[in-house]
Amino acid sequence: MNIDVVGRMRPMTRVEGATNLLVEANGRVAAHAGGPYFGFQTLHSSNTSTYDVFKTSVEALLDLYLAGYNVCLLIGGESGAGKSYNMVGETNNRPGLVQMVLDHLFAKLSEERYHPQTRMSKQDPEVTMEMVEVYNELVKDLMSAPHALNMGLLDITESAVKGVHAKNATTTRVSNASMGGTYFRNAWGRRTEATTDHGPASQNAAIILHIDLCVKVGDNPQPYKSRFTIVELPGLEKLSADPTQVQLREGPKLSKALIALSQVTTSLANHPFPDRVIHYGDSKLTQLLQEQLGGNFKTRALICLKAKTDPDISNGVLKFCTNLSHIRNFPIVNDGLAQGLLVQKEARILEHKQQSGSGPVHFSSTTAPVYNDTGEEIRRLQTENITVKYDDSGDDLRRLQTENLVLKDQNERLQLRLDRLQNKFGDIANTRTDLSQQLLLSEEEKLKVSQSLVDIQIENNKIREEAEAAKFELTNKIILLENHVLELEAERDKHKKSATYAKERLAEVEKDRKDLADEYVVLKTNYLALTKEHQKELARNEELAIELLNLVNNKAALMRQVAILTNGDPETSEANSEIDRIRALVAKNSGGKIKAGDIIGNQTDRDHVEQTLFANRKKYDIEIERMRRELADENKKMEHRLTAVMKELAENRNLARERQQKISELNAKLITIRGEKESLQTQLNRLQHKAKDLGEDFRARLIKYVEDIAEFVDKGQANHPQNRLRDYCDGMLKDIRRSHKEREAQLSEAARGYKERMAKTIHSYEALLIAYRNLRQTCEARGFDKADLGPDEYEMKLSDSEIQSAHMKELDRVKSELARTKNETDTLKMRYGLFGEDKDTMAEITVAGKSDIWGAMRKQLREFTLNTQQQLEQERARLLSENSVLKEQLRESQQYIDGHLVRYKQEVVRLRKMLGMNEDGVILTDRVGRSLRTRRR
Ligand SMILES: Nc1ncnc2c1ncn2[C@@H]1O[C@H](COP(=O)(O)OP(=O)(O)OP(=O)(O)O)[C@@H](O)[C@H]1O
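These numbers come from a predicted model, not from an experiment. (Residues numbered from 1 in each chain as written. Predicted model: local features only at pLDDT ≥ 70, side-chain atom pairs only at ≥ 80, totals over all residues. Heavy atoms only, no water.)

(A) The arrangement of the overall build of the protein in detail. Summing up its helical and strand segments, the protein has 19 helices and 17 strands in all. Summed over its atoms, the accessible surface of the protein is roughly 56400 Å², and 55% of this surface lies on carbon and sulfur atoms. (Helix = DSSP H or I, 4+ residues; strand = E, 2+ residues; numbered from the N terminus. Areas by Shrake-Rupley, 256 points an atom, 1.4 Å probe, with all protein chains shown as cover.)

Written out as structure tokens, the structure reads:
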């Protein structure tokens, strides 16, 4: 049964950018186009959850485990690809695979029938856990707190029952999943935390967790014993490097486990047959995993992949996967019989090993005492031997043997000294190789740093361009909106004016109406008074008519009597006609009985009166109606326009919000970049210091050793002064010094270049900040919500104290300038009444054309403020960068002078000493008064 290899892509981080792995839909992955592919059995994409990974790729292993098979999950991948994430998870909300295995294991154990295929019931299940770490060829027990004596370090041993295992490793019984989880997390916390020059220990360490299950199944008298091993392998990134180089660089032990693992997997992949003989003994990790790799285990590998990584590293990882997938294991159900058979076989092998003197394997955690013990043992045996001979022989023999012993002792001592010297030489050679490699490495790191700086620069430029484009767009929008608002304001003023005019007209009409009403009342009163008078007159008239009639009747009677008296005809007399005329007159004046109410004018008169009285009113009514209609229309239009403007404003707000979000993202990027830059700088400084320290150390040690050697050899060659090694060494030292000086010069040149680039980056960073600030201010001026505008620009400032202080000073200056400009603007605004609250009243009293002029003036003022501010900011940024460059140059010159001054001083002292003077230049004399210089000569 071959090892299954499944993959899991880690989600990309923001810093990583685009993927460079070639991933096909069927799970085939290559490091680059045309490169070798590896087909994963399942490839989990970056958005697959750990639970899905468990369900798809781990749960089946758990079922086999419960059925009595040994199973193993190897979690591998390069450092940072997510091995720990898969094994441990991140928080309680995102548990890792170990916790899931424990949860499901106990859940299934608590079911009535945990294995549906076999339908066998469980009895007395016992779960135990064991966890060790293999780092730097040391095996550490993680299940218990480290003991003071052995610091938790364990030896490896082999027994028939347990096979190769960590001797005395703590085994903890676990009764439920949460208990198991707690033990696991505690053990995880005990991992080695050290960080060396070659990275943190976690990158080179392997974690092995065994979960053992012992359970009686069905009627079987012997319990089934199965083991679930979960292994986090060391980071696989070094697989692509040459192992010899790796070991030369890091020392022989650090990557031994990884190198041995690679060798073991290669030879297992090449030998799929059961009669193969594989050499697992090269490292403790391969020894501890020999059953999991090629033995009685069903093994599955979960390889974590980074989407963006070095193609060489990916190639190494994919090659490792190919080898793993070719490894054949031979898992069996570990029932009582199988276990008995295996133990018996193992016991025989051990017996054979012991007989041949090669086993059982036992590795001590410390190797030095073994040598000492061996030396002691040899000496003890020699002494015993001598003692035996001593008894057997005579005095001569005893003397000779004693001499022999002394000689041997001397010989051994000499041998020891020789060994020590050789070791020293070896060390020197190693140190030198180490140093040059470290120098090379630091050079590489420097190159990487420069590269990342260039990347940062490009990123900065991109951000700046984006910010500028956004700013430009926003400014355009804002100007458009401002124009619109101005237009609307003008419109509003117009409407206000017409409303005022209408109001005035209305007041006038009202006044007219009141006057009319008053007039009407007066007329009505007059009319009533007149009617009264009229009635009175009528009554009088009637009385007079009656009186007149009486008089006329009297007169007629009289005239008739007169006619009778004068013998005339009384009927045809003049008096009768007079009487009739008077009667007709009276009848005409009072016969109709006219009432006051009956006196009404005709329709024409009424129309005429109405015309005169209400003609104006009607006119006004029509006028008002017309104006009302106009106003309603205008209002409607205004409402439409206002809705449109509001809509546009809302859209623009949204746009601004989006831009703001973008700006916030850019901010985040900036912050990340800044963090990276700082860490890169720290790293670079550290590397430079280290290189310098190492250089110094190396030089001092080399000089010391070479001087020792020269002394030593000179003593031996005193008779051949012409071949003095000292001269040769001096020459060599000079060469070394010269090359070191050149190297230093190169390094300082590179550092200067780097710093210049840094200064440029800071400059562009400042410019970016300015752009950001301007954008912010424009947004603020438009009245956008402050909360939408993202972090304040001050939060994003450089933390470097020197830059900060200069920056702060400059900022203060610019701030005061800005405040002054703002004050001036405010004064101008006040003078021309451009403040918001005054606007309405001003608009009412100003003439129509004025608002346009104010708008233009306001715009000009704003532009002037912004331009002035921008210019000031640019000037400030330029001054700042110049300042920092000058400071940097000054500091470098100072350093250079300091460094060289010390060297010159040393040189002067050395020359003075050679000339026989003391450090102050005073010539030294011996007791007789001769100058030492003369004597030396
Ligand atoms: N599938 C994932 N989903 C989300 N984040 C992940 C995932 N895998 C890894 N990460 C994140 O990637 C980072 C590196 O992961 P992790 O520390 O597990 O890597 P590693 O291979 O164990 O590295 P090292 O060997 O250095 O310990 C962590 O911050 C982790 O949260």
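(B) Geometry of the confidence of the model for the protein. Looking at the protein, the pLDDT average stands at 77 and 76% of residues meet or exceed 70. Mean pLDDT values for the elements of the protein range from 42 in helix 11 (residues 368–392) up to 96 in strand 6 (residues 71–77). Confidence drops under a pLDDT of 50 for residues 360–393, and excluding neighbours within four residues, the segment shows 32 contacts in the predicted structure. Overall, residues 594–599 carries pLDDT values under 50, and its contacts beyond four positions in sequence, including any with other chains, amount to 8 contacts. (pLDDT = per-residue confidence, 0-100. Contact = heavy atoms within 4.5 Å.)

(C) Just the packing of helix 3 (residues 97–110) against helix 4 (residues 177–189), in detail. Look at helix 3 against helix 4: their axes get within 8 Å of each other, and the N-to-C directions meet at 155°. Classified by the interaxial angle, the pair formed by helix 3 and helix 4 is roughly antiparallel. Note that helix 3 runs across helix 4; the crossing there is right-handed. Mapping the contact onto sequence places Val98, Gln99, Leu102, Asp103 and Phe106 in helix 3 and Ala177, Gly180, Gly181, Phe184 and Arg185 in helix 4. (Axes fitted to C-alpha atoms, helices over the stretch in contact; angles between N-to-C directions. Parallel < 35°, antiparallel > 145°, perpendicular 65-115°, else oblique. Left-handed = near helix turned anticlockwise from the far one by under 90°.)

(D) Structural detail: the nonpolar core. By size, the foremost hydrophobic cluster in this structure holds 46 residues, and its most contacted members are Phe40, Ile303 and Leu324. Take this core: its biggest share by element is 6 residues, from helix 9 (residues 311–325). What Phe40 contacts, discounting residues up to four positions off in sequence, is Val5, Val6, Gly7, Asn26, Gly27, Val29, Ile303, Leu305, Leu318 and Cys321. (Core = buried A, V, L, I, M, F, W, Y, C linked by side-chain atoms within 4.5 Å. Buried < 20%, exposed > 50% of the residue type's maximum accessible area, 1.4 Å probe, protein only.)

(E) Representation of the sheet that holds strand 2 (residues 22–23) within the structure. Read from one edge to the other, the open sheet built from 3 strands follows the order 2-3-4, with strand pairing classed as antiparallel. Across the chains shown, the open sheet's two edge strands, defined by having one partner strand only, are strand 2 and strand 4 (37–39). In terms of strand pairing, strand 2 meets strand 3 (residues 28–30) through 2 bridges, oriented antiparallel. The partner of Val23 across the bridge, within strand 3, is Val29. Sitting on the sheet, helix 9 touches strand 3 and strand 4, and the angle it makes with strand 4 is about 45°. (Pairing = 2+ DSSP bridges.)

(F) Structural context of the environment of Thr266. Here Thr266 shows up in helix 7 (residues 256–270). Taking C-alpha positions, Thr266 is 9.5 Å from Lys319, a pair spaced 53 residues apart along the chain.

(G) View of the packing of helix 1 (residues 50–66) against helix 3. The interhelical angle for the contact between helix 1 and helix 3, taken along N-to-C directions, is 50°, at an axis separation of 10 Å. As summarised for this structure, helix 1 and helix 3 are arranged oblique, according to the angle between their axes. Considering how the two elements wind past one another, helix 1 and helix 3 form a crossing that is right-handed. Where helix 1 approaches helix 3, its residues Thr50, Tyr51, Phe54, Lys55, Val58, Glu59, Leu62, Asp63, Tyr65 and Leu66 are matched on the opposing element by Leu97, Met100, Val101, His104, Leu105, Lys108 and Leu109. When the residues that make up the contact of helix 1 with helix 3 are grouped by side-chain class, the tally is 11 nonpolar, 2 polar and 4 charged. (Nonpolar A, V, L, I, M, F, W, Y, C, P; charged D, E, K, R; others polar.)

(H) Representation of the site of the ligand. As a structural note, the neighbourhood of the ligand is formed by 15 residues, with Gly80, Lys83, Ser84, Tyr85 and Glu90 the closest of them. Here an oxygen atom of the ligand and a backbone polar atom of Tyr85 are 2.7 Å apart. Here the ligand, which alone exposes 630 Å², has 73% of that area covered by the protein. Counting residues per element, the ones that place at least two in the shell around the ligand are strand 1 (4–10), helix 2 (83–88) and helix 5 (201–204). (Near = heavy atom within 4 Å. Polar contact = N/O pair within 3.5 Å; in protein donor to acceptor, adjacent residues only side chain to side chain.)

(I) Fine view of helix 9. End to end, helix 9 covers 21 Å across 15 residues, agreeing with the expected 21 Å (1.5 Å per residue, within 8%). Here helix 9 has its buried residues at Ile313, Ser314, Gly316, Val317, Leu318, Phe320, Cys321, Asn323, Leu324 and Ser325. Looking at the buried residues of helix 9, the elements they touch are strand 1, strand 3, strand 4, strand 6, helix 7 and strand 17 (298–306). Among the residues of helix 9, the N-terminal cap falls to Asp310, whose side-chain oxygen and the backbone nitrogen of Asp312 are separated by 3.1 Å. (Expected span 1.5 Å × (residues − 1).)

(J) Structural context of the UniProt feature "binding site: ATP" (unreviewed entry) in the protein. As annotated by UniProt and renumbered to match this structure, "binding site: ATP" (unreviewed entry) occupies Gly77, Glu78, Ser79, Gly80, Ala81, Gly82, Lys83 and Ser84. Positionally, Ser79 belongs in the loop between strand 6 and helix 2. Position of Ser84 relative to the elements: it lies in helix 2. Discounting chain neighbours no more than four positions away, the residues touching Ser84 are Gly89, Trp188 and Glu232. (UniProt positions renumbered as here; feature names shortened; annotations may be inferred.)

(K) Structural context of the environment of Leu289. Within the secondary structure, Leu289 is located in the loop between helix 8 (284–288) and strand 17. With 81 residues separating them in the primary sequence, Leu289 and Ile208 have C-alpha atoms 8.8 Å apart. Leave out the neighbours within four places in its chain, and Leu289 touches Ile208, Val231 and Leu233.

(L) Spotlight on the pattern of salt bridges. Per the stated rule, a full pass over the model turns up 21 salt bridges. Among the salt bridges present, the one from Arg628 reaches Glu625, with a minimum N-O distance of 3.9 Å. With a gap of 3 residues between them, Arg628 and Glu625 both fall in helix 14 (residues 603–716), about one helical turn apart. On the basis of relative accessible area, Arg628 is assigned to the exposed category, the value being 53%. Among the charged side chains, a network of salt bridges with common partners joins Lys55, Glu59, Asp63 and Lys108. (Salt bridge = Lys/Arg side-chain N within 4 Å of Asp/Glu carboxyl O.)

(M) Spotlight on a nonpolar patch on the surface. Together, Tyr896, Ile897 and Leu901 make up an exposed nonpolar region whose accessible area comes to about 310 Å². Residue placement: Ile897 occurs in helix 18 (residues 850–914). Note on Ile897: relative accessible area 45%, which makes it partly exposed. (Patch = residues over 30% accessible without salt bridge, like charges linked within 9 Å, V, L, I, M, F, W, Y side chains within 5 Å.)

(N) Inspection of unusual backbone geometry at higher detail. Even without a glycine there, the phi angle at Asn136 is positive, about 55°. With respect to the helices and strands, the residue Asn136 is situated in the loop between strand 7 (122–135) and strand 8 (138–141). Exposure remark for Asn136: the relative accessible area of 28% places this residue in the partly exposed category. Its identity as a non-glycine residue notwithstanding, Glu137 has a phi of 60°, on the positive side. Relative to the helices and strands, Glu137 is located in the loop between strand 7 and strand 8.

(O) Expanded view of the environment of Thr172. Tracing the backbone through its elements, the reader meets Thr172 in strand 12 (residues 172–174). By relative accessible area, which is 11% here, Thr172 ends up buried. Along the primary structure Thr172 and Thr128 are separated by 44 residues, whereas in three dimensions their C-alpha atoms are 5.3 Å apart. Non-local contacts of Thr172, meaning those with residues more than four positions away in its chain, are made with Val127, Thr128, Met129, Met143 and Tyr183.

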